Amino acid sequence: MASIELRKFLVGTVVWGIGNQMVTVTQTYVIFDITQSALQLAILGAAVVVASVSMSLASGILADRFSRKTLLMCGSVMTATSMLMIGLLLLTGRVEPWHIQVAGAIHGAALALDWTARFSLLPIMVPRNILARSVFFDNSFFNLGRVLAPLLWGAIVHWWGYDWSYVVIAGMMALNFVIVATYRPLSSSIPTTHQAIWHDVVEIATVVRTNSILTGNLTFTFVNALLMGGFIYLLTPIAREVYNVGPGGYSQLFAAVGLGAFVGGLLLGFTGGFKRTGYALLVTNIFTAASAVVFALVASLYFGYAFALLFGLINAIHIGLGTISLQMAITDNVRGRLAGVYELAWAGFPAGGFVFGAMADSLGSSASLIIGCGFVILVTISIGIFNPNLRRLRMRV
């Protein structure tokens, strides 16, 4: 039973991952292509982050009160609808930049709902004794979607144009809706009675505030997401300005990041992680930032592929270790709310798009990314110095 449910969950993860990664690839490329403006990329990032932040905490409260499976299905409907509308506007020649930014905001809200529901649903889909490896494999299958999505996008653009990529995204999210409908959790996440909402908020705030492991990991998540946001949102102008490639090379660079992340997730799944988890979290974040710096500096496309792959691999290991340490530190009655806070930290991803897009408009893409990576390294060193509990964190392999 658990094995079958895990397999269905992982299939859903791949489909959902392809759909959502194609949104990021398509949205950033299309708006830059029709405007040639890094500032418009920044506005897109701002639209996504405002919607994502607004939804994050609310989705956490919802996930502890209602069916997480139903919430996940709702997120798929929101993304499918918004992307289909942009596809139709492109096909009829009526699209404007603000249309793409509004659709980005809807997707930001849907993604916050999706991430929260998925994070809190997986632990009730599998027995606790296989939870760690299930989380690692789930991350890896999500990253497989990150490999397949840009390759699929590149093929669609080559044969039909990027207009049709929006229609494919809508189809992928509709397929995810069907897959999620077949999930059969091992237990229910819906409590029989509900506390007042203010009590829910106070409870999760207390849990996070009093647990330095959670605090450190959430800080890591925000900082890492900020770097990932800058890296992903600036990949379009860097691909053009540094590597001088079009849609094909751009999609391949995206795929290299996803391939590295897929391999990193598999390594964690098969090995079970690192005993000295705290030190591994620190070291992997520093090396993630360092690989992004080199990526921004090298002009050879083949070296670019190599460092994009390295970036994805190390970052996936860092995220996987951080995710399971969060999952193992809490009980199911607050899991949805912690997932909401976790998603709030992930709002650094589109925030990175806004910050780095605005910086790139005046400083250039490569310089902006290098500045951001330096900030990430300084924050990581500070966490290592001032959070000894996180530094000493160990997990059984």
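The model shown is predicted, which means the values in this text are computed figures rather than measured ones.

1. A look at the overall build of the chain
Link 1 in the chain: Counting its regular elements, the chain contains 16 helices and 0 strands.
Link 2 in the chain: The principal-axis extents of the C-alpha atoms in the chain amount to approximately 50 × 45 × 40 Å.
Link 3 in the chain: Partitioning the intrachain contacts of the chain with sequence separation of at least 6 by distance along the chain shows that 88% fall at a separation of at least 24.
Link 4 in the chain: Surface summary for the chain: the accessible area is close to 15200 Å², and the carbon and sulfur share equals 71%.
Link 5 in the chain: On the chain, the mean spot of the 21 positive side-chain charges and the mean spot of the 13 negative ones are 15 Å from each other.

2. Remarks on the environment of Phe274
Link 1 in the chain: Its location among the elements puts Phe274 in the loop between α10 (247–271) and α11 (277–297).
Link 2 in the chain: In this structure the C-alpha to C-alpha distance between Phe274 and Val15, which are 259 residues apart in sequence, comes to 29 Å.

3. Structural notes on the packing of aromatic side chains
Link 1 in the chain: On inspection of all chains with the given rule, the structure shows 9 aromatic pairs.
Link 2 in the chain: For the pair Phe119 and Tyr342, a centre-to-centre distance of 5.2 Å together with 50 degrees between the ring planes defines the contact as tilted. Of the two residues, Phe119 sits in helix α4 (residues 97–121) while Tyr342 sits in helix α13 (residues 335–345), which places them 223 residues apart along the sequence. Of the two residues examined, Phe119 and Tyr342, each falls in the buried class.
Link 3 in the chain: Cluster of aromatic residues (ring-pair linked, three or more members): Trp16, Trp115 and Phe142.
Link 4 in the chain: Of note, Arg118 hangs over the ring of Phe9, and the distance from its end group to the ring centre comes to 4.6 Å.
Link 5 in the chain: Sitting above the plane of the Trp16 ring, Arg118 keeps its charged end 4.8 Å from the centroid.

4. Thoughts on a nonpolar patch on the surface
Link 1 in the chain: On the surface, a cluster of nonpolar side chains totalling about 800 Å² of accessible area is made up of Leu84, Met85, Leu88, Leu91, Trp159, Trp160 and Trp164.
Link 2 in the chain: A total of 4 residues in the nonpolar patch trace back to one element, the largest contributor, which is helix α3 (residues 68–91).
Link 3 in the chain: Residue position: Leu88 is located in helix α3.

5. Considerations on the environment of Leu91
Link 1 in the chain: Mapped onto the elements, Leu91 comes out in helix α3.
Link 2 in the chain: Under the relative-accessibility criterion, Leu91 is labelled partly exposed at 37%.
Link 3 in the chain: With 72 residues separating them along the chain, Leu91 and Asp163 place their C-alpha atoms 6.0 Å apart.
Link 4 in the chain: If we skip the residues at most four places from it in the chain, Leu91 touches Asp163, Trp164 and Val167.

6. Some details on the nonpolar core
Link 1 in the chain: One finds Phe231 and Leu369 to be the most contacted residues of the largest nonpolar core, which totals 101 residues.
Link 2 in the chain: The contacts of Phe231, once residues within four sequence positions are left out, are Val257, Ala292, Phe295, Phe311 and Leu369.
Link 3 in the chain: Counting residues in hydrophobic clusters, the runner-up holds 16 residues, among them Val208, Leu326, Val341 and Trp346.

7. Some details on the side chain of Thr221
Link 1 in the chain: Tracing the chain through its elements places Thr221 in helix α8 (residues 212–233).
Link 2 in the chain: Judged by its relative accessible area of 9%, Thr221 is buried.
Link 3 in the chain: Setting aside its immediate chain neighbours within four residues, Thr221 contacts Tyr342, Ala345 and Trp346.

8. Quick word on the confidence of the model for the chain
Link 1 in the chain: Across the chain, the average pLDDT comes to 83, with 94% of residues at or above 70.
Link 2 in the chain: The secondary-structure element of the chain with the lowest mean pLDDT is helix α14 (residues 348–363), recorded at 73, while helix α6 (residues 163–181) shows the highest, at 93.

9. Remarks on unusual backbone geometry
Link 1 in the chain: Non-glycine residue Asn244 carries a positive phi angle of around 55 degrees.
Link 2 in the chain: Among the secondary structure elements, Asn244 is positioned in the loop between α9 (235–241) and α10.

10. Concerning α4
Link 1 in the chain: Helix length check: α4, at 25 residues, gives a terminal C-alpha distance of 35 Å against a target of 36 Å (1.5 Å per residue), a fit within 8%.
Link 2 in the chain: With 19 of 25 residues buried, α4 lies mostly within the body of the structure.

11. What to know about the packing of helix α12 (residues 301–328) against α13
Link 1 in the chain: Axis separation between α12 and α13 bottoms out at 11 Å; the angle between their running directions is 150 degrees. It follows that α12 is roughly antiparallel to α13 by the angle criterion. Two packed elements cross with a definite hand, and for α12 against α13 that hand is right-handed. Residues Ile319, Thr323, Leu326 and Gln327 of α12 lie in contact with α13, whose contacting residues are Arg335, Leu338 and Tyr342.
Link 2 in the chain: Grouping the amino acids of the contact of α12 with α13 by side-chain chemistry returns 4 nonpolar, 2 polar and 1 charged.

12. A look at the environment of Phe262
Link 1 in the chain: Along the chain, Phe262 falls in helix α10.
Link 2 in the chain: Assessed through its relative accessible area of 19%, Phe262 is described here as buried.
Link 3 in the chain: Each C-alpha atom, one on Phe262 and one on Trp16, is 15 Å from the other, the two residues being 246 residues apart in sequence.
Link 4 in the chain: Sequence-distant contacts of Phe262, that is, excluding residues within four places in its chain, are made with Ser140, Asn143, Leu144 and Val147.

13. Quick look at the pattern of salt bridges
Link 1 in the chain: For the structure shown, the criterion picks out 4 salt bridges.
Link 2 in the chain: Between Asp64 and Arg68 there is a salt bridge, with the nearest N and O atoms lying 3.2 Å from each other. Each member of the pair, Asp64 together with Arg68, is buried.
Link 3 in the chain: Two residues, Arg118 and Asp138, come together in a salt bridge whose shortest N-O distance is 3.8 Å. Here the residue Arg118 occupies a position in helix α4, and Asp138 occupies one in helix α5 (residues 131–159), the gap between them amounting to 20 residues.

Calculation criteria
Residues numbered from 1 in each chain as written. Predicted model: local features only at pLDDT ≥ 70, side-chain atom pairs only at ≥ 80, totals over all residues. Heavy atoms only, no water. Helix = DSSP H or I, 4+ residues; strand = E, 2+ residues; numbered from the N terminus. Contact = heavy atoms within 4.5 Å. Areas by Shrake-Rupley, 256 points an atom, 1.4 Å probe, with all protein chains shown as cover. Lys, Arg positive; Asp, Glu negative; His and termini not counted. Charge placed at Lys NZ, Arg CZ, Asp CG, Glu CD. Phe/Tyr/Trp six-rings, centres within 6.5 Å; stacked < 30°, edge-to-face > 60°. Buried < 20%, exposed > 50% of the residue type's maximum accessible area, 1.4 Å probe, protein only. Lys NZ or Arg CZ within 6 Å of the ring centre and 35° of its normal. Patch = residues over 30% accessible without salt bridge, like charges linked within 9 Å, V, L, I, M, F, W, Y side chains within 5 Å. Salt bridge = Lys/Arg side-chain N within 4 Å of Asp/Glu carboxyl O. Core = buried A, V, L, I, M, F, W, Y, C linked by side-chain atoms within 4.5 Å. pLDDT = per-residue confidence, 0-100. Expected span 1.5 Å × (residues − 1). Axes fitted to C-alpha atoms, helices over the stretch in contact; angles between N-to-C directions. Parallel < 35°, antiparallel > 145°, perpendicular 65-115°, else oblique. Left-handed = near helix turned anticlockwise from the far one by under 90°. Nonpolar A, V, L, I, M, F, W, Y, C, P; charged D, E, K, R; others polar.

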